[in-house]
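# Observations on the model geometry
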Amino acid sequence: MLNKVMLIGRLGADPEIRYMPSGDSIATLNVATSRRWKDRNSGERKEETEWHRVTFFGPVAKVCGDYLKKGSQVYIEGRIKTDKYQKDGVDVYRTGIIGEQMNMLDSRSGGTANYSDNSPPASSHDNRQSAPAAASGPQSTPASYDDFDDDIPF
């Protein structure tokens, strides 16, 4: 079985940064992706935008908070996760993406760079960030994820 998501999109707002009791960062991104096509019948150009809620943990979350802003273009790899919670006694389901790797694609964020939750960024003298390619193999959410207490379920 495979649960893999790959997105290229732009942030609709600055990242929302929170912290776990352990001090580890959590970044939540709202990422817009678009699909464009030409309608066969009318010849009219059409566009459809989809919004994705992406959550990063640990070092990648810190990089998101430090370098990404509204409008930043990013490439994201991760997995789909659906959570269930109750609101006013009714079961509510929320589907989002747990981010495992993030690449900044535009020059506003310092150029193209690759970050994954198992390879922290390396700095250079000119403040541009670069990191080795992400290691292959399964990624996992930090063990303390379940310990995080927040009023907003995700």
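The paragraphs below set out a description of the structure included in this document. Worth saying up front: this structure is predicted, and the values here are computed from it rather than measured.

## Some points on the packing of aromatic side chains
One pass over the structure, following the stated rule, counts zero aromatic pairs. One Lys or Arg, Arg 35, reaches over the ring of Trp 37 and ends 4.0 Å from the middle of that ring.

## Some remarks on the pattern of salt bridges
In total, this model carries nine salt bridges according to the counting rule given. As a salt-bridge pair, Asp 106 and Arg 10 come within 3.5 Å of each other at their nearest N and O atoms. Of this pair, Asp 106 sits in the loop between β6 (90–104) and β7 (113–116) while Arg 10 sits in strand β1 (residues 5–11), and the two are 96 residues apart along the sequence. Note on Asp 106: relative accessible area 9%, which makes it buried. Given a relative accessible area of 38%, Arg 10 falls into the partly exposed group. Note that Glu 47 and Arg 36 form a salt bridge whose closest N and O atoms lie 3.6 Å from each other.

## Some details on the nonpolar core
Note that soluble globular proteins tend to have their nonpolar side chains buried in a common cluster. Residues Leu 29, Val 54, Phe 56, Cys 64, Leu 68, Ile 76 and Met 102 are the most contacted members of the largest nonpolar core, which totals 18 residues. Those elements that provide at least two residues to this core are β1, β3 (25–38), β4 (45–57), α1 (58–67), β5 (73–87) and β6. Residues in contact with Cys 64, not counting those within four places in the same chain, are Pro 15, Ala 27, Leu 29, Phe 56 and Met 102.

## Notes on the pairing of β3
Sheet topology note: the β1/β3 ladder contains two bridges and is antiparallel. Looking at β3, one finds that Leu 11 is bridged to Val 31. As paired elements, strand β2 (residues 16–19) and β3 share four bridges and run antiparallel to each other. Residue pairing across strands places Arg 18 opposite Ile 26, the latter belonging to β3. Taking the residues between adjacent antiparallel strands as the criterion, β3 and β4 are bridged by six residues, where Gly 43 takes a positive phi near 75°.

## As for unusual backbone geometry
Backbone geometry places Asp 88, a non-glycine residue, at a positive phi of 55°. With respect to the helices and strands, the residue Asp 88 is situated in the loop between β5 and β6.

## Here's the deal with the environment of Gly 12
You can see Gly 12 is positioned in the loop between β1 and β2. The class for Gly 12 is partly exposed, based on a relative accessible area of 27%. For the pair Gly 12 and Ser 72, spaced 60 residues apart in sequence, the C-alpha separation works out to 8.5 Å.

The rules behind each value
- Residues numbered from 1 in each chain as written.
- Predicted model: local features only at pLDDT ≥ 70, side-chain atom pairs only at ≥ 80, totals over all residues.
- Heavy atoms only, no water.
- Phe/Tyr/Trp six-rings, centres within 6.5 Å; stacked < 30°, edge-to-face > 60°.
- Lys NZ or Arg CZ within 6 Å of the ring centre and 35° of its normal.
- Salt bridge = Lys/Arg side-chain N within 4 Å of Asp/Glu carboxyl O.
- Helix = DSSP H or I, 4+ residues; strand = E, 2+ residues; numbered from the N terminus.
- Buried < 20%, exposed > 50% of the residue type's maximum accessible area, 1.4 Å probe, protein only.
- Core = buried A, V, L, I, M, F, W, Y, C linked by side-chain atoms within 4.5 Å.
- Contact = heavy atoms within 4.5 Å.
- Pairing = 2+ DSSP bridges.

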